[in-house]
Amino acid sequence: MTDRRLSNRTAHALPVGVVAPRYDRGTVAPGIVHLGVGAFHRAHQAAYVDECLAAGETEWGIVGVSLRSPDTRDALSPQDGLYTLAVRSSGEEELRVIGSIQSMLVAPEDPGAVLAALTDPRTRIVTLTITEKAYLRAAGGGLDTAHPDIIHDLANPRMPKTAHGFLAEALARRLAAGTAPFTVLCCDNLPANGATLHRLLTEFAELRDARFATAGDTRIADHIANEVAFPSSMVDRIVPATTDADRARIAGELGVDDAWPVMTEPFRQWVVEDNFPAGRPDWEKFGVTMVGHVGPFEDMKLRLLNGAHSGIAYLGLLSGHATVDRAFADPAIRKFVDGLWAEAIPTLPEDAGLATATYTAELAERFSNTALAHRTAQIANDGSQKLPQRIIASAIECLEAGTEFVHLTLVVAAWIAACAARGKTLPENHFTDPLDAGLTALLDQQLPANETVAAVFDLAGFARDHAERQTLIELVAVHLVHLRRDGPTLAFAALGIGTE
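Basis of the calculations
- Residues numbered from 1 in each chain as written.
- Predicted model: local features only at pLDDT ≥ 70, side-chain atom pairs only at ≥ 80, totals over all residues.
- Heavy atoms only, no water.
- Helix = DSSP H or I, 4+ residues; strand = E, 2+ residues; numbered from the N terminus.
- Rg over C-alpha atoms; globule rule 2.2 N^0.38 Å.
- Contact = heavy atoms within 4.5 Å.
- Lys, Arg positive; Asp, Glu negative; His and termini not counted.
- Charge placed at Lys NZ, Arg CZ, Asp CG, Glu CD.
- Buried < 20%, exposed > 50% of the residue type's maximum accessible area, 1.4 Å probe, protein only.
- Phe/Tyr/Trp six-rings, centres within 6.5 Å; stacked < 30°, edge-to-face > 60°.
- Lys NZ or Arg CZ within 6 Å of the ring centre and 35° of its normal.
- Polar contact = N/O pair within 3.5 Å; in protein donor to acceptor, adjacent residues only side chain to side chain.
- Pairing = 2+ DSSP bridges.
- Expected span 1.5 Å × (residues − 1).
- Bend = angle between axes of the 7 residues up to and from the residue.
- Core = buried A, V, L, I, M, F, W, Y, C linked by side-chain atoms within 4.5 Å.
- Salt bridge = Lys/Arg side-chain N within 4 Å of Asp/Glu carboxyl O.

Enquirer: What exactly am I supposed to notice about the overall build of the protein here?
Expert: Counting its regular elements, the protein contains 19 helices and 11 strands. The C-alpha radius of gyration computed for the protein amounts to 23 Å, which stays within 12% of the reference 23 Å derived for 500 residues, consistent with globular compactness. When contacts within the protein are restricted to residue pairs at least 6 apart in sequence, those whose partners lie at least 24 apart make up 77%. Seen as two clouds, the 43 positive and the 63 negative side-chain charges of the protein have centres 4 Å apart.

Enquirer: Explain the environment of E404 here, please?
Expert: Mapped onto the elements of the fold, E404 is located in the loop between α15 (383-401) and α16 (406-421). Given the relative accessible area of 62%, E404 is considered exposed. Residues E404 and E343, 61 residues apart in the sequence, show an inter-C-alpha distance of 7.3 Å.

Enquirer: Please clarify how the packing of aromatic side chains should be interpreted in this entry.
Expert: Each aromatic ring pair is specified by the distance between its two centres and by the angle formed by the two planes. One pass over the full model with this rule turns up nine aromatic pairs. Where Y48 meets W270, the ring centres are 5.4 Å apart and the plane angle is 40 degrees; that geometry is what we call tilted. Of this pair, Y48 sits in helix α2 (residues 45-54) while W270 sits in strand β10 (residues 269-273), and the two are 222 residues apart along the sequence. Comparing Y48 with W270, the two get one shared label, buried. Members of the aromatic cluster, each reached through a chain of ring pairs, are Y48, W270, F276 and W283. Lying over the aromatic face of Y48, R268 brings its terminal NZ or CZ to 3.9 Å of the ring centre. Taking the ring centre of F431 as reference, the NZ or CZ of R422 above it sits at 4.7 Å.

Enquirer: Could you clarify how one ought to interpret the environment of E206 in this entry?
Expert: Among the structural elements, E206 can be located in helix α7 (residues 193-212). Counting along the chain gives 124 residues from E206 to D330, while the straight-line C-alpha distance between them is 51 Å.

Enquirer: Whenever I open this one, the side chain of S384 confuses me. Can you help?
Expert: As for its placement among the helices and strands, S384 is situated in helix α15. For S384, a relative accessible area of 4% gives the class buried. Among the polar contacts listed, one links the side chain of S384 to the side chain of D433, at a separation of 2.6 Å. The residues touching S384, leaving out its near neighbours within four places in the chain, are W415, D433, P434, L435, A460 and F462.

Enquirer: Would you take a moment to explain the pairing of strand β1 (residues 30-35) for this structure?
Expert: Within a regular strand, the side chains alternate between the two sheet faces. Taken across its six residues, β1 has six buried, putting it largely inside the fold. In this structure, β1 lies alongside strand β2 (residues 61-66), joined through five bridges in parallel fashion. Bridged to V33 within β2 is V63. The sheet contact formed by β1 and strand β6 (residues 125-128) spans four bridges and is parallel. Each residue of the ladder has a partner; that of L35, found in β6, is L128.

Enquirer: Can you help me understand helix α19 (residues 469-494) in this one?
Expert: At 3.6 residues per turn, the α-helix brings residues three or four places apart onto the same side. Spanning 26 residues, α19 covers only 22 Å between terminal C-alpha atoms, well under the ideal 38 Å at 1.5 Å per step. Considering bend angle alone, the principal kink of α19 is centred on D486 and spans about 135 degrees; proline P488 follows within four residues of it. Where α19 ends, the next residue or the one after it, G496, has phi of about 80 degrees, a positive value.

Enquirer: I tried to follow the nonpolar core on my own but got confused; where do I start?
Expert: Nonpolar side chains in soluble globular proteins tend to end up buried together. F336, F367, W415 and F457 are the most contacted members of the largest nonpolar core, which totals 72 residues. A total of 12 residues in this core trace back to one element, the largest contributor, which is α16. The residues contacting W415, other than those within four sequence positions of it, are Y314, G383, S384, L387, D433, L439, V456 and F462. In this structure, V126, I130, L136 and L197 belong to the second largest nonpolar core, which totals 39 residues.

Enquirer: Is there a simple way to think about the pairing of β6 in this case?
Expert: The alternating pattern of β6 places I125 and T127 on one face and V126 and L128 on the opposite face, and all of these are buried. As judged from the four bridges shared by β6 and strand β7 (residues 183-186), these two strands associate in the parallel manner. When the sheet's bridge partners are listed, I125 is paired in β7 with T183.

Enquirer: Could you clarify how one ought to interpret the side chain of R422 in this entry?
Expert: Checked against the element boundaries, R422 lands in the loop between α16 and α17 (436-443). For R422, a relative accessible area of 11% corresponds to the buried category. Side-chain polar atoms of R422 contact the backbone oxygen of C419, separated by 3.2 Å. Within the structure, the side chain of R422 is placed 2.8 Å from the side chain of D436, a separation counted as a polar contact. In contact with R422, other than residues within four places in its own chain, are P427, E428, H430, F431, T432, D433 and D436.

Enquirer: Sorry if this is basic, but what is going on with the pattern of salt bridges here?
Expert: Side-chain pairs of opposite charge can arise where the charged atoms are in close proximity. Considering all chains together, one arrives at 27 salt bridges under this definition. Salt-bridge contacts for R219 lead to D222; the nearest nitrogen and oxygen are separated by 3.3 Å. Looking at D222, the relative accessible area reads 38%, which means it is partly exposed. R303 serves as the salt-bridge partner of E397, at 2.9 Å between the closest nitrogen and oxygen. Taken as a pair, E397 in helix α15 and R303 in helix α10 (residues 295-318) lie far apart in primary sequence, 94 residues in all. Its relative accessible area of 30% is what places E397 among the partly exposed residues. Overall, R303 belongs to the buried group, its relative accessible area being 7%.

Dropping the structure here:
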């Protein structure tokens, strides 16, 4: 390793103003295994843990696990796990080197090493940010038992590929060894994410028990269902993709190269249900909100931030805006977002003390941050997995309450139109979706709007079995007609939004 690369050696000689770890990394013990070491984790949970380590809580180092790609490991291992967190606002940038990731593993290369980390008695918390699609849910919400990776893991429990397989095998080994179970903390944008993962993993373990449990064994499904804690959490921080220009700029500021710095905004939020039988860091000292029930906070974030993000992304793409700040500066999109919030806010509980007016004012400031360059195409990924909780849930509640919700349905129509625009007015593969094969075949047929929306709802499972599903389809189809005829201009005009 040369002195041109960020590392334990070079971190001691960084320029004044760059915050480096203020603790001896050699004294840190691994207490957390994190599955899915992407940019969000490194800007959010790893940064909170770094502050705990700096305060002397040295039993909470992170073992990072990539379930698929070696890219993060290959970037960070030569840097001793160090990386730069660049906190950017429209007027300034603060650089901080994060040291909480102690080691990195790549599951496909060495599943045994991952299982060893998970079964280490020092591991007391396992956190996950693996994105919605990696939970492998079927259209009805249960485990996708037909998924090839689930089939593989049920047949090969000692060589798992999925989070489900790793968690079940590790918990089974800990149970057999008399080691207390770790707490499983989901940090993804799933509704009731802890409870959802608990249900999916129990279902997986039941299938595993049916194959491998023998008379007298303690069923791992019963153990997971009754003895393992799955607190839910709500996470929030905007983390755009890192560009080569970011790398070059950060290298210039540090005086050394960082293969994968992470860009983020000043705002951050983490609300966590306080259920950690094996212990936890003192996160609340550093701004984490520990609560009994995270549901209202989670719904506010999903429906107001994430829902608006999806609307900005798809309408922004159709309007030619490459980044969130540029899209949000478009007067029509800005007014649209206000209308979206006006529809979604009444679906939130009134007695939860959510301060939605303050929250949306903060969101408007965050969306206007010109320093982030948060790409609309990045947000547009995986719409079929994101829209049910961000948009469809609010629309269904509006339907049931008898209130108007024309802005919510435009987001769904804009997603369909943006998917259809790829390879035409948008670049091919500009963003992706797990249902792309089916979506492409369907949209290539150029069916009438009503038939298109109905087929997309069938494919994605939107509002499945809901009594008013057809009404929802018809409302989305009206917007799709406008988008097909004259793009967002006509769709906005139909809502009384001018584009001047």
